[in-house]
Each structure stands twice: as structure tokens, then as C-alpha cells.
Amino acid sequence: MMSIRLAAALAVAGAAPVVCQIPALPNAGAPFVRFSGQLGSYGELYDRSGTPGRRPGGTGRGYLNGNLVLLGSVTVGIDLLATTEDGTSLGYGGLPGRQGISRFGLHPQWTWGRAHLGSYSDSYSPLTLSGVQLTGAAVDLNPGRVRFGAFGGRAASAVVGGATTGSYTRTMVGGRLGFGHPPDQGRPASFFALVVTRTWDDPSSLPVDTTLPPNAPTAGGLAPVNPYAVTPHENLVVAGIGGISLLEGRLAWRGEVAGALETPDRRATPLDPSQVNVPGILGGLVTPRVSTHLDYAYSSDVQLRVPRLPGATPGAPRTLTATLGYRYVGPGYSSLGVASLPNDIEAVNASANLLFGRCSAQLLGGTQHDNLIGQKLYTTTRDRLGAVLTLRAGRKSSTTVRTSVLTMGNGSTDSLAWMHYSAWSLGASQVFSLGPRGRVQTVSVDYNYQSAGDANPLRIGTKFGAHSGSARLTVPLGSSVRISPSFGFTTSQSDTSGWATRATFGAAVAWRGRGGRLTSTGSFGRSTYLRSNAWNVTLNARLQVTDLNSLVLAVQSNRFRDAAALDNRFNEQIVSLRWERRL
């Protein structure tokens, strides 16, 4: 409730009058229309025998990607994809329930704003809106130091797929009002913005019986009961986002505070308004119901940039970038505008990147835990630490050493639930670039060791160790052919099995015809593990028919056999043809 009141106060503050200056209009002396882009089509045939296929037998796509420039200043991005894959159930265990992936979007952009019409994906902040595809409209204006944005559209269509893959028709709207330099132009900025998003599902978009499994239990013989069934959600998020940039961007801070009101099932009984304390600014946007809950999340990040350390020269730069971040996401916090947002997490993360002449180092570390309000029987804590060191001894040699450590425990007093897991790895790689005229152009080798296990003696099968390595080189045969043979292995052992080795070997060939109009690549690979083996063969050919038109043919064949399980074998073939024209 405290977060709701804070958000309401931020909304009132954000409504204060501001003064801004509208930048100049597009240049009327430039050419009226100029277009560039790609127009193409893609066709694929697929066949698999032995086990169920993972793709449709035939696939067709048509696409158009381009930019339309008006008066030299207004750019309209065009994104079109039409495909026969809409509605297919393959790749979902044979169950129906897949959102359509065909799309059409127009994305105009000018010096002081941008807009979207049709299919688009926008990003406001990690806690409010990020990574969700919408079909609708959006606008983002930033004349001067003022920034205003609004969006709306359909986030999901109704799909009959049962409790596993079904979905209701989902609608999402929202907006933001900010002041200061926009933070998404690749530089630190001082700014503040108020963000509001609202998402709701249409309960009538799916019949009740399609959201429940067969023979679902009933409560008193009246209505089916299934705690795992898909339900129509409602979600309201209010957030304040701010940032401060100091010392010409060398020191920057960014923070976000968000409160979320969520109803897991819009069909639930509404609550008596006299018994619920919802601020007036939010009371008209959401109807509190049984199971409606409120929670909050916030984050804070500090970044230090030192573009020139002592002793740096133009030929040997020395730089440092360090970040420290804190994040709290309550166990009941949820934003349906974010594609993936784990909750019940409190985390601290740190990183540092150092460039010192030909040597660079990266350090990563963090800790997090759940059970933020003591709602679980025990608390799970995760700690991680990693480092990567890269050294360029010269133009022809590069060495990388890496290591990481991960621990996870819960401190439970129950011997069955107690967990004390740890894993660590150590690896190194070496690359030699010997030049395009040598008998061998490149040589690369890599090695990695991993060890992991749980200290709980009752957890059998969690301890293992593994050595893995690979080697590859590139050999030119004349001026138009290159061959790249490769070899790799992984040897592992667990506390329930002895050492076993997976070996892989293969080669890739690249050929370029005279004039460069025809290029082709091919590869084959074989891997063996215990009593199983697999073959993979690919062939790709690209023909530049004209300066603007090209054809690409791709053929792939996979074969898998397992002598220990005769029913676990398959043959798979994929043939595709793509045509593309530059516009």
C-alpha cells in the first residue's frame, strides 16, 4: 500500500507544467522520397523419420525490411513478415497453442520523436516494459528536455491450448512522462520519468472448458478446480525512474522504484470497495478482487568510467569501467509487460572491465537470495564470481584465461531438503592468426575443466567432473578454397558412473568462384558417445544472380543412432531456398 501512495505522489509531481522548445521541422529542400531495404522469400521442405518431427513438413515465408526516408529527415522503418508457420503445434510437444509470428509494422522516426504502427516491441525499463511484442500503436516524443510516450495494443491472441499452452486475448496500454536527456542514446544522462502500464486479459475470449484438463476435479460439483489452469490476469504497474550523470558522464547513477497491483483471475469475486484502501488515482483503473495483491520492486545502479588511466597513450589505451547494482523484486511483484522477470529476489551484482594496453580483464561477481518476507521454510542463497583475462602478445597471437565459481545453499535443518551445491570451472584458449598468405591461416585450441557437486550425501548423482577441449585450423587451397578441420572431446565422470568420452570431429569447406558471384560452404561432422553416434552434413550455396538479386540454397542432413535404445534413432533432412533483392 505504501508503494501505491508513493506512485500516486509521483504522478501528481510529474503533472507539473514544464517549458520546452520544439526542434526544427524536416528539411524541405531534400529529395521527397528515398527507399532502401531487402525484399525476399524463403521456402523450406522438412522430413524426419524414426521419431516425431520438430518442424512442419513445408514452410513458406515472405519478408520486407527497409527504410523510407521522407524529405531527408523523417525515416520510416518497414518490417513485414508473412509465414505459414502461424498456428503450428510442432515444437510444443504436439500440443496446440502457439501465437502467430507474422507481422507488419511501420516505425517512423524524426529528430524529436518516433512512433510505431502495427507490430512493434518497445522498452521503458526492466521492471515495467521490456521484450514484449505488441500489435497496435505507440508514440515517443522528446522535444527539448521533455519526454512523453504512450503505447497500446494486443500482447497476445486467444489460443485454445489447455492449461499448458493456452492464452487469453491480452491487451496492454501505458505511457511515460519524463524530463531530462533521454537515457537510451548510448550515454549516461540525468533524467526523471513516471511510467504507468496496465494489462488485462479478456475472460470471454476462451471457453471455460478449454482452460482446464480433462476430468478436472470439482468443488461441490459446481465448478472445476485446477490451480495450474490458465486464468485471465489483470496487472497495473506504476514506476518512477531516474538517473544522474556527473563528471561528464564518468560517474552515473540510475534507479527505479515500481509498485504492481495484480489480479491472477479476473473472474474472481470483487471485493467491497469500503474494505479496500486504494488511492483515488488508481481506483478507476483496477477492480480489487479475491487474490488481488500488491507488491513492489526497486533497483539502483552506479557506474564509474575512467576513459584514460595514468600512463595511457593513443597506441596503448588504459581504461576502466566498473558497475555496482542492487535489485529487490518482491515475491508478489509482477509486470506482464516484461518478457521475463523472476520475483522473490534480492541481489547485489558488481563488474569491472579493465583495458591495459594489450591486456584486458573482466571481473564479475554477485550474490542473491529469496524468501524476502519469510514465506518459505528456508532461504536459498546463490553466490557467483568469475574472471576473464585476455592477452594479445602481438598481432598474430591472442590468449584467454577464464574461471568461475558458483555456490548455492539453503541452510535447511532438514537432511532431505538441505543443499550445499558448488561448481567451478577453469579454461583457456589460444588463437594464432598467421595471415592470409600462409599455408595455415588460423589455429585455435581451447580447454575447459568443470567440477560440481552437492555436499549433501543424500543427493546422489549431483557430483561430476569434466574435461573438454577442441582444436581447429584454417588451411587455404589456392585463392578460392579454404578448409577448416576440427576436433573436440568431452570426458566426464559422476558419482554414479565412470569416465565416458564424447568425441566430435569434422571439417568445413568454403569456396568462392571467380568474380565472386557464386560462393558455397559445406561441412560434415560426426560425434560418438558410449553406444550412440550422430552424423551431420550441411551444404550452402549463394548465387549473386544480378547486382541486386541473390539466391541461397541450403541442404542439411542429420542422422542419429543409439545401440542402447533402438527406438531412439532418426533421420532428418532440411532443404531450403531463399531469394532476396536489394532495393
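Residues numbered from 1 in each chain as written. Predicted model: local features only at pLDDT ≥ 70, side-chain atom pairs only at ≥ 80, totals over all residues. Heavy atoms only, no water.

**Points about the overall build of the protein chain**
Then, number 1: Helix and strand content of the protein chain: three helices and 28 strands.
Then, number 2: Within the protein chain, buried positions represent 34% of all 583 residues.
Then, number 3: Pairs at least 24 residues apart make up 55% of the contacts formed inside the protein chain by residues separated by at least 6 positions.
Then, number 4: For the protein chain, the accessible surface area stands at approximately 32,100 Å², while carbon and sulfur atoms represent 61% of it. (Helix = DSSP H or I, 4+ residues; strand = E, 2+ residues; numbered from the N terminus. Buried < 20%, exposed > 50% of the residue type's maximum accessible area, 1.4 Å probe, protein only. Contact = heavy atoms within 4.5 Å. Areas by Shrake-Rupley, 256 points an atom, 1.4 Å probe, with all protein chains shown as cover.)

**Observations regarding the environment of Thr323**
Then, number 1: Mapped onto the elements of the fold, Thr323 is located in strand 15 (residues 318–329).
Then, number 2: For the pair formed by Thr323 and Arg305, sequence separation is 18 residues and the distance between their alpha carbons is 8.8 Å.
Then, number 3: The contacts of Thr323, once residues within four sequence positions are left out, are Val302, Gln303, Asn349, Ala350 and Ser351.

**Details of the packing of aromatic side chains**
Then, number 1: Taken as a whole, this structure holds eight aromatic pairs when the rule is applied.
Then, number 2: Ring centres of Tyr124 and Phe151 lie 5.5 Å apart, and the angle between their planes is 85°; on these two criteria the pair is classed as edge-to-face. Of this pair, Tyr124 sits in the loop between strand 5 (113–121) and strand 6 (133–141) while Phe151 sits in strand 7 (residues 146–156), placing them 27 residues apart in sequence.
Then, number 3: Look at Tyr124 and you get buried, because its relative accessible area is 8%.
Then, number 4: Considering the side-chain rings of Tyr296 and Tyr298, the 5.9 Å spacing of their centres and the 10° angle between planes classify their relative orientation as stacked.
Then, number 5: What makes Tyr298 partly exposed here is its relative accessible area of 28%.
Then, number 6: Each member of the aromatic cluster is reached from another via a ring pair, and the members are Tyr296, Tyr298, Tyr326 and Tyr328.
Then, number 7: We note Arg48 situated over the ring of Phe570; from NZ or CZ to the ring centre the distance is 3.8 Å.
Then, number 8: Across the ring face of Tyr529, the terminal group of Arg502 is positioned such that the distance to the ring centre comes to 4.6 Å. (Phe/Tyr/Trp six-rings, centres within 6.5 Å; stacked < 30°, edge-to-face > 60°. Lys NZ or Arg CZ within 6 Å of the ring centre and 35° of its normal.)

**A few points about the nonpolar core**
Then, number 1: Counting 22 residues, the largest nonpolar core has Leu127, Leu134, Phe151, Met172, Ala258 and Tyr333 as the members making the most contacts within it.
Then, number 2: Breaking this core down by element, the ones donating at least two residues are strand 6, strand 9 (191–201), strand 12 (234–246) and strand 13 (251–263).
Then, number 3: Here this core gets three residues from one element, more than from any other, and that element is strand 12.
Then, number 4: Phe151 has contacts with Tyr120, Tyr124, Leu129, Leu134, Ala137, Ala138, Met172, Val173, Gly174, Gly175 and Thr197, leaving out every residue within four places of it along the chain. (Core = buried A, V, L, I, M, F, W, Y, C linked by side-chain atoms within 4.5 Å.)

**Examining the pattern of salt bridges**
Should the charged atoms of two oppositely charged side chains come close, the side chains can pair.
Then, number 1: What the rule picks out here adds up to 21 salt bridges.
Then, number 2: Linking Asp79 and Arg103 is a salt bridge whose minimum nitrogen-to-oxygen distance equals 2.8 Å. You can see Asp79 sitting in strand 3 (residues 74–83) and its partner Arg103 sitting in strand 4 (residues 103–110), a full 24 residues away along the chain.
Then, number 3: Across the pair Arg147 and Asp140 runs a salt bridge, and its minimum N-O distance is 3.0 Å.
Then, number 4: With relative accessibility at 9%, the residue Arg147 sits in the buried group.
Then, number 5: Each of the salt bridges in this network shares a partner with another, and the network as a whole consists of Arg114, Asp122, Asp140, Arg147 and Arg176. (Salt bridge = Lys/Arg side-chain N within 4 Å of Asp/Glu carboxyl O.)

**Considering the side chain of Arg147**
Then, number 1: Relative to the assigned elements, Arg147 resides in strand 7.
Then, number 2: In terms of polar contacts, Arg147 uses its side chain to reach the side chain of Asp140, at 3.0 Å. (Polar contact = N/O pair within 3.5 Å; in protein donor to acceptor, adjacent residues only side chain to side chain.)

**Here's the deal with the side chain of Ser550**
Then, number 1: Note that Ser550 resides in strand 27 (residues 549–562).
Then, number 2: Discounting residues that sit within four places of it in the chain, Ser550 has contacts with Arg542, Leu543, Gln544, Val545, Arg578, Trp579 and Glu580.

**Considering the pairing of strand 24 (residues 497–512)**
Then, number 1: Where strand 23 (residues 481–494) meets strand 24, 13 bridges bridge the pair, whose relative direction is antiparallel. If you follow Val481 over to strand 24, its bridge partner there is Trp511.
Then, number 2: Bridging between strand 24 and strand 25 (residues 518–529) involves 11 bridges; their strand directions are antiparallel. Residue pairing in the sheet places Ala507 in a bridge with Phe524 of strand 25.
Then, number 3: Hairpin connection from strand 24 to strand 25: five residues lie between these consecutive antiparallel strands, with Gly515 at a positive phi of about 85°. (Pairing = 2+ DSSP bridges.)

**Considerations on unusual backbone geometry**
Then, number 1: One non-glycine residue, Glu248, lies in the positive phi region at around 55°.
Then, number 2: Take Glu248: its relative accessible area is 78%, and that puts it in the exposed class.
Then, number 3: A positive phi angle, close to 55°, is found at Asn371, a residue other than glycine.
Then, number 4: On the secondary structure map, Asn371 appears in the loop between strand 17 (359–369) and strand 18 (381–394).
Then, number 5: On the basis of relative accessibility, which here comes to 10%, the residue Asn371 falls in the buried class.

**Digging into the pairing of strand 5**
Then, number 1: In terms of strand pairing, strand 4 meets strand 5 through four bridges, oriented antiparallel. Bridge pairing in strand 5 places Leu106 opposite Leu117.
Then, number 2: Linking two consecutive strands that pair antiparallel, namely strand 4 and strand 5, is a turn of two residues.
Then, number 3: Where strand 5 lies against strand 6, nine bridges are found, and the strand directions are antiparallel. Bridged to Tyr120 within strand 6 is Leu134.

**Some points on a nonpolar patch on the surface**
Then, number 1: On the surface, a cluster of nonpolar side chains totalling about 870 Å² of accessible area is made up of Leu45, Trp511, Leu518, Leu539, Leu543, Val545, Leu551, Leu553, Val555, Val575 and Leu577.
Then, number 2: Counting residues per element, the ones that place at least two in the nonpolar patch are strand 26 (532–544), strand 27 and strand 28 (570–582).
Then, number 3: Of all the elements, strand 27 adds the most residues to the nonpolar patch, at three residues.
Then, number 4: Along the chain, the position of Val575 falls in strand 28.
Then, number 5: In this structure Val575 comes out as partly exposed when scored by relative accessible area, which is 35%. (Patch = residues over 30% accessible without salt bridge, like charges linked within 9 Å, V, L, I, M, F, W, Y side chains within 5 Å.)

**Focus on the confidence of the model for the protein chain**
Then, number 1: Of all residues in the protein chain, 86% have pLDDT values of 70 or greater, and the mean over the chain is 86.
Then, number 2: Note on residues 90–95: pLDDT is under 50 here. Beyond four places in sequence and across chains, it has 12 contacts.
Then, number 3: Below pLDDT 50 for its whole length, residues 213–224 participates in 10 contacts with residues either more than four positions away or in separate chains. (pLDDT = per-residue confidence, 0-100.)

**What about the layout of surface pockets?**
Then, number 1: Space inside the largest pocket adds up to approximately 640 Å³.
Then, number 2: Lining the largest pocket we find 27 residues, and of these Gln99, Gln133, Ala155, Ala156 and Ser157 sit closest to its centre.
Then, number 3: When contributions to the lining of the largest pocket are tallied by element, the ones reaching two or more residues are strand 6, strand 7 and strand 8 (170–180).
Then, number 4: Partitioning the lining of the largest pocket into residue classes produces 11 nonpolar, 12 polar and four charged. (1 Å grid on protein atoms, 1.4 Å probe; cavity = no way out; pocket = protein on both sides within 12 Å on 5 of 7 lines; lining within 4 Å. Points joined across faces, edges and corners; volume = space filled by probe spheres on them. Nonpolar A, V, L, I, M, F, W, Y, C, P; charged D, E, K, R; others polar.)

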